[in-house]
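# Residue-level structural notes
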Amino acid sequence: MSNRMPTLRAALVRTVLWPALVLILASAALDYKHASDVARLAQDGMIFKTAVALATRLSPDEEDESSADLAEHLSLEDIAMIKTDPGDEIRFLVLNSKGAVLVGDSELQIFLPLLVHGEVEKPSYSDQTLQGEEIRLVDFSHTSRGETQRVLVTETSHKRLATARTLALNTVWPNVLLLLAVMALIHMGTRKALVPLEKLSQSIDQRESEDMTPLPLPQVPGEIQSLVGAINRLLVRVEAASTEQQLFLSSAAHQLRTPLAGMHMQIELALEDAPPPVRQRLTRVLGGMNDLIQCTQQMLILARSSALTNSVHDFVDMDLAELLEDAASTWLDAALSHSVELVFEIHPTRCTGSRWMLQQLLNNLIDNGIKHSPQGGHVTLSCGMDPDGRAYVQVQDQGPGISPQDQAHVFEPFFRNREQTVPGSGLGLTIVKEVADRHHALVQFMDTQIAAGLSVRVTFPRFKPLH
Amino acid sequence: MRVLLVEDDTMLADGLKDVFAGAGFMFDQLTTAESALGAMELTAFDLVVIDLGLPGMDGLELIRCVRRRGLQVPILILTARDGLDDRVRGLNGGADDYMVKPFATRELIARAQALIRRSQSNSHSVISLGSLQMDMGVHEACLGGEPLPLTGREWNVLQSLLLAAPRVLSKTKLADSLSQWDKEITTNAVEIYVSRLRTKLQGSPVLIRTVHGVGYRLELEATSNVQ
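## A closer look at a nonpolar patch on the surface
Residue and element names in this part refer to chain A. Together, Leu 169, Trp 173, Leu 177 and Leu 180 line one region of the surface with nonpolar side chains, adding up to about 460 Å² of accessible area. Among the secondary structure elements, Leu 177 is positioned in helix H3 (residues 158–205). Under the relative-accessibility criterion, Leu 177 is labelled exposed at 53%.

Okay, here's the thing in structure tokens:
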């Protein structure tokens, strides 16, 4: 499978992960704001209470006309109480209606120009900075007996900010953990959901290339069933096309072979009682005829063996030794007419395959061997089981062999090397390779370094009886 | 010897007529299965050569009909289809041998003669290859018209080779056919009989060819030179 396309799992994780992250960040921001508001409200309440306390305690006595020394009204404990807060520093400033400082931190006066003096009895809050620290400020005016005091109370915001942070973190962490858990679940879930798909692809991989039986539908999830259905329809079409091709080949074979047989025979007969000059021409025609016949045969064999998509039923357990013995009868006359001797080294050789196809494989190897061997040469045909328990068949000739640079190409259809003088269709080794492939067998050139001709060995997989 | 050819291709049929006539056969040709069936019931042919791809009733069906009617004539199939299925169906249907077009003329004649020899070996008749004749009835062999004296085992070996020709007969199969229930014949013994037969056949065109690693073939000297 190609890894260029993102996997379903990755796509699913991506589509969920990013939006969820954005949502979590947004919710964290909201949570922070909310926590911040709550903390501010608490702080505001606290400083307002302090302001009210200050304002009410500093109310001048009725009989005291001058409010010159109101500071005395504020006991030291009160001040201590106000100022002792473990986290934050509280400051205050009290002004009379004329704007003169009655008591408190005069530093706070710097804020007066910034503040809009609001209504009496109504606090107004604002955020300010004092000595580089964020502070919260309440500006409160209180009227008692005609006297209006203005009270400023400030508090640093350490505690408030810390509270807001803690509140926000407490809500963000569970969200992040939740997101991670969801991702893990999606990962696991898709893996589990994709198991049938993986099984399906494995079962397709393990099929013989000729197996056209439909894939089982009930074993796959609903979403994949339409895909499997489409594959099955494709299989049906491929099988139909293959059957059609078989029929076509069968009739093509008949249409080609019958006239070829007739022409061949007519030329042979004409040759028998032809005068010498005509005889020469006819011999050439007969030679051409033989080439044409061989080429046609091999093309039909090749087309047929590649079209044999349903050939598995053709496979049987057999002994290659019998096939070689049959080949002795088939090829003896051809060998004699080339003055080549056939030598057999036959051992019992158990193998599973298509008898017809293996016959074609052997025929092409032997034909090559005879044609390329010099007069008086030997073609040695052997079969047996190698030390690993694999069946092999080997054909060795005494011809010129195949150069290493040509070896890579000899299986290509119609490949001929430049020096080749022997007639042939150029399909022989293509058929050998095709048949070997169909049998999961290996074609090797043995000992080609040695000048003693070509040795081709076909090694089959370890024998496993069919039944 | 009388041969019937059932073939609808005129060029091939015309050629086969000359080939069979040249080999000393009497030759008849028909183009349809139906007419061939009628002819076979009227005339005793020694061999019928049938093309599988006939118009109308096809060759396979014809073979089945012939066998259903109890006719024992040897049948050689000619076909343009080379698949094993066709071959198996043909032979299971009752044919005796099978050749795929296009074929070597010499091989066709050799196979035709072999089929006739085998069918006659069942009856008490004479089977022959070139100048070699073996009379199955009286167990007497002749070479070039002269009596050929053979021992029992030599007769068996020569008969097996003659019936197998033009095919190569493996040494083990020869040994098996000679072995009786009380005596096992080794392949070495087979070699001895073959060598004795060679001596007796010397000077005649009939020879026993060794195929190294497989066995022997009985053939006429000329076959190795004919192209």
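That was the structure; now back to the text.
## Let's talk about the confidence of the model for chain A
All names here are of chain A. Per-chain confidence: chain A averages 82 in pLDDT, with 88% of residues scoring 70 or above. Looking over chain A, one finds the lowest element-wise mean pLDDT in helix H2 (residues 76–83), namely 59, and the highest in strand S10 (residues 390–396), namely 95. Taken as a whole, residues 62–68 scores under 50 in pLDDT and shows three contacts with residues more than four places along the chain or in a different chain.

## So, the side chain of Arg 111 of chain B
All names here are of chain B. Along the chain, Arg 111 turns up in helix H5 (residues 105–122). Overall, the relative accessible area of 15% leaves Arg 111 in the buried class. Of note is the side chain of Arg 111, whose polar atom sits 2.8 Å from the side chain of Glu 107. Dropping the residues within four chain positions of it, Arg 111 is found in contact with Asp 97, Tyr 98, Met 99 and Pro 166.

## Re a negative patch on the surface
Taken together, the side chains of Glu 272 and Asp 273 of chain A together with Asp 14 and Asp 18 of chain B present a region of like negative charge at the surface. Along the chain, the position of Asp 273 of chain A falls in the loop between helix H4 (222–272) and helix H5 (276–307). On the basis of relative accessible area, Asp 273 of chain A is assigned to the exposed category, the value being 66%.

## Let's talk about the nonpolar core
Residue and element names in this part refer to chain A. With 51 residues, the main nonpolar core has Leu 320, Val 393, Val 458 and Phe 460 as its most contacted residues. Considering every element that reaches this core, the biggest residue donor is helix H6 (residues 320–337), with ten residues. In this structure Leu 320 touches Thr 349, Cys 351, Leu 358, Cys 383, Ala 391, Tyr 392, Val 393 and Phe 460, once residues within four positions along its chain are discounted.

## Structural notes on helix H7 (residues 355–372) of chain A
With 18 residues, H7 of chain A extends 26 Å from end C-alpha to end C-alpha; this agrees with the ideal 26 Å at 1.5 Å per step. The element H7 of chain A is extensively covered by neighbouring structure, given that 14 of its 18 residues are classed as buried.

## Some words on the interface of chain A and chain B
At the junction of the two partners, chain A supplies 37 residues and chain B supplies 37 residues. For the interface between chain A and chain B, the tally reads four salt bridges. Taking the shortest distance from any N to any O, the salt bridge between Lys 173 of chain B and Glu 325 of chain A comes out at 3.4 Å. Viewed at the interface, chain B and chain A are joined by twelve residue pairs in polar contact (both at pLDDT 80 or more). The greatest single-element share of the side of chain A that touches chain B, amounting to 15 residues, is contributed by H4 of chain A. Residues of the side of chain A that touches chain B, tallied by class, amount to 17 nonpolar, eleven polar and nine charged.

## So, the packing of H6 of chain A against H7 of chain A
Residue and element names in this part refer to chain A. Two elements in contact, H6 and H7, have axes whose closest approach is 10 Å; the angle formed by their N-to-C orientations is 40 degrees. The orientation of H6 relative to H7 falls into the category oblique. Where H6 crosses over H7, the handedness of that crossing is right-handed. Facing Leu 320, Glu 322, Leu 323, Leu 324, Ala 327, Trp 331, Ala 334 and Ala 335 of H6, the residues of H7 in contact are Arg 355, Leu 358, Gln 359, Leu 362, Asn 363, Ile 366, Asp 367 and Ile 370. A class-by-class count of the residues in the contact of H6 with H7 yields eleven nonpolar, two polar and three charged.

## Considerations on the state of the cysteines
All names here are of chain A. Counting across every chain of the model gives zero disulfides over all chains. Cys 383 forms no disulfide, and the closest cysteine sulfur to it belongs to Cys 351, at a distance of 9.8 Å. Taking the relative accessible area as the measure of exposure, Cys 383 reaches 0% and is therefore buried.

## Some points on unusual backbone geometry
Residue and element names in this part refer to chain B. Following Lys 101, the chain continues into Pro 102 via a peptide bond in cis, with omega recorded as -15 degrees. In this structure, Pro 102 sits in the loop between strand S5 (97–100) and H5. In this structure, Pro 166 follows Ala 165 across a cis peptide bond, with omega equal to 10 degrees. Structurally, the position occupied by Pro 166 is in the loop between helix H6 (152–164) and strand S10 (169–170).

## A word on the sheet that holds strand S9 (residues 146–148) of chain B
Residues and elements named next belong to chain B. As summarised here, the arrangement of the four strands in space is S6-S7-S8-S9, forming an open sheet in which the pairing is antiparallel. Lying at the two open borders of the sheet, with one neighbouring strand each, are strand S6 (126–129) and S9. The average undirected angle you get between the axes of adjacent strands in this sheet is 25 degrees. The sheet contact formed by S6 and strand S7 (residues 132–135) spans four bridges and is antiparallel. Residue Ile 127 lies in a different strand from S7, and its bridge partner there is Met 134.

About the cut-offs
- Residues numbered from 1 in each chain as written.
- Chains lettered and ligands numbered in written order.
- Predicted model: local features only at pLDDT ≥ 70, side-chain atom pairs only at ≥ 80, totals over all residues.
- Heavy atoms only, no water.
- Patch = residues over 30% accessible without salt bridge, like charges linked within 9 Å, V, L, I, M, F, W, Y side chains within 5 Å.
- Areas by Shrake-Rupley, 256 points an atom, 1.4 Å probe, with all protein chains shown as cover.
- Salt bridge = Lys/Arg side-chain N within 4 Å of Asp/Glu carboxyl O.
- Helix = DSSP H or I, 4+ residues; strand = E, 2+ residues; numbered from the N terminus.
- Buried < 20%, exposed > 50% of the residue type's maximum accessible area, 1.4 Å probe, protein only.
- pLDDT = per-residue confidence, 0-100.
- Contact = heavy atoms within 4.5 Å.
- Polar contact = N/O pair within 3.5 Å; in protein donor to acceptor, adjacent residues only side chain to side chain.
- Lys, Arg positive; Asp, Glu negative; His and termini not counted.
- Charge placed at Lys NZ, Arg CZ, Asp CG, Glu CD.
- Core = buried A, V, L, I, M, F, W, Y, C linked by side-chain atoms within 4.5 Å.
- Expected span 1.5 Å × (residues − 1).
- Nonpolar A, V, L, I, M, F, W, Y, C, P; charged D, E, K, R; others polar.
- Axes fitted to C-alpha atoms, helices over the stretch in contact; angles between N-to-C directions.
- Parallel < 35°, antiparallel > 145°, perpendicular 65-115°, else oblique.
- Left-handed = near helix turned anticlockwise from the far one by under 90°.
- Disulfide = S-S within 2.5 Å.
- Pairing = 2+ DSSP bridges.

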